[in-house]
Amino acid sequence: MNSENLTEKITENLNSSEQFDIWDNLQTTDPEYMMYSPRAVGYNSTAEHRYLMQNILTGFYNSSILDIGCGRADLYKLIQDFYPDLEVVYRGIDHNPLMTSLAKEKYGIECQTGAFETAILPTADWVVAHGIFTPRRCETEDADLRKLFDDIDILYKQATIAVSFNLLNPINTTHYEGFFYVHPGLVLDMLIEKYQSVVLRNNYSEDTYTVTIYKI
């Protein structure tokens, strides 16, 4: 895909279509809520969800991907939309059986159910995680930080080319209880020390940044 076409795709996703508006306005009582609402998977709008997924794939042009915390596997559909000329083997894992069931119903794909920390994971060219590092998962920030880097190492070992994930930025943003914010400078320093080839992008969102670690 050339840069002009990619720009067009980005623009399309920044402007919610009529269908996006319908999904964004679904209520919890609507039968389609869990299948299509962005709020059911932790996002404010469909456009925001797609835009964040799109940014985590910056530089991707490979043949396989492992989606950690895949939810309904909406990344599978986005890859089809953005990379129609690629034959990508998609694999996803989520701890919630409801989500993996929705993935099968929505897209006809089988995703693994379980905790990625303990599951037997397949290898893939790219391993991505969008959203799983957003909530606090430990009692203290130090413990959260240690777990973050332990989990990044799990993802790194499963990738043959790159690992990409999103984190919440604590700089100039409103902090909400129960969410995990980690300074990008700290992350970059620690990851470069361990993995060397690291790119951090803080140029597309006020409160979220993306880290990509390359293996080759």
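Residues numbered from 1 in each chain as written. Predicted model: local features only at pLDDT ≥ 70, side-chain atom pairs only at ≥ 80, totals over all residues. Heavy atoms only, no water.

**Things to note about the overall build of the protein**
Of the regular secondary structure elements, the protein holds 8 helices and 7 strands. Whereas a compact globule of 216 residues would reach a radius of gyration of roughly 17 Å, the protein reaches 17 Å, a difference of no more than 12%. Out of the 216 residues in the protein, the part that is buried amounts to 47%. Here the protein contributes 16 positively and 31 negatively charged side chains, and the mean placements of these two sets differ by 5 Å. (Helix = DSSP H or I, 4+ residues; strand = E, 2+ residues; numbered from the N terminus. Rg over C-alpha atoms; globule rule 2.2 N^0.38 Å. Buried < 20%, exposed > 50% of the residue type's maximum accessible area, 1.4 Å probe, protein only. Lys, Arg positive; Asp, Glu negative; His and termini not counted. Charge placed at Lys NZ, Arg CZ, Asp CG, Glu CD.)

**Points about the pairing of strand 7 (residues 208-214)**
Counting buried residues along strand 7, 6 of its 7 residues qualify, which places the element largely inside the surrounding structure. Judged from the 7 bridges that link them, strand 5 (residues 159-168) and strand 7 form a sheet pairing that is antiparallel. By the bridge assignment, L168 is partnered in strand 7 with T208. Bridge analysis of strand 6 (residues 198-201) against strand 7 gives 4 bridges, and the strand direction is antiparallel. Looking at strand 7, one finds that V198 is bridged to I213. With antiparallel pairing between neighbouring strands as the criterion, strand 6 and strand 7 make up a hairpin whose turn holds 6 residues. (Pairing = 2+ DSSP bridges.)

**Structural notes on the pattern of salt bridges**
Within the structure shown, the criterion is met by 12 salt bridges. Across the pair D74 and K106 runs a salt bridge whose closest N-O atoms are separated by 2.9 Å. With D74 in helix 5 (residues 74-82) and K106 in helix 6 (residues 97-107), this pair connects stretches of sequence that are 32 residues apart. Relative accessible area serves as the criterion here: at 22%, K106 is assigned to the partly exposed category. (Salt bridge = Lys/Arg side-chain N within 4 Å of Asp/Glu carboxyl O.)

**Observations regarding helix 8 (residues 184-195)**
Taking 1.5 Å per residue, 12 residues should reach 16 Å; helix 8 reaches 16 Å between its end C-alpha atoms and fits that length. Along helix 8, the positions that sit buried rather than exposed are P184, V187, L191 and Y195. Burial along helix 8 is one-sided: seen end-on, the buried residues are contained in an arc of 60°. When the buried face of helix 8 is taken as reference, the exposed residues oriented beyond 90 degrees from it are D189 and E193. Contact partners of the buried residues in helix 8: helix 7 (141-158), strand 5, strand 6 and strand 7. Backbone geometry just after helix 8 places Q196 at a positive phi near 70°. (Expected span 1.5 Å × (residues − 1). Arc of directions from axis to C-beta. Contact = heavy atoms within 4.5 Å.)

**Concerning the packing of aromatic side chains**
Using the criterion set out here, one finds 11 aromatic pairs in the structure. Seen from their ring centres, Y51 and Y204 are 6.1 Å apart, and the 80° between their planes marks the pair as edge-to-face. Taken together, the residues span a long stretch of sequence, with Y51 in helix 4 (residues 46-56) and Y204 in the loop between strand 6 and strand 7 at a distance of 153 residues. Here Y51 matches Y204 in class, with each residue buried. For the ring pair W126 and Y214, a centre distance of 6.4 Å and an interplane angle of 85° mean the geometry is edge-to-face. Residue W126 is located in strand 4 (residues 124-129), and its partner Y214 is located in strand 7; the two are separated by 88 residues in the primary sequence. Site record: aromatic cluster; members linked through ring pairs are F60, Y61, Y83, W126 and Y214. (Phe/Tyr/Trp six-rings, centres within 6.5 Å; stacked < 30°, edge-to-face > 60°.)

**Thoughts on the layout of surface pockets**
Looking at the largest pocket, its volume works out to about 1200 Å³. What lines the largest pocket is a set of 48 residues, among which V41, G42, Y43, G131 and T134 lie closest to the centre. Residue assignment for the lining of the largest pocket shows that the elements contributing at least two residues are helix 1 (3-14), helix 4, helix 5, strand 2 (89-94) and strand 5. Top contributing element to the lining of the largest pocket by residue count: helix 4, with 5 residues. Tallied by class, residues from the lining of the largest pocket come to 22 nonpolar, 19 polar and 7 charged. (1 Å grid on protein atoms, 1.4 Å probe; cavity = no way out; pocket = protein on both sides within 12 Å on 5 of 7 lines; lining within 4 Å. Points joined across faces, edges and corners; volume = space filled by probe spheres on them. Nonpolar A, V, L, I, M, F, W, Y, C, P; charged D, E, K, R; others polar.)

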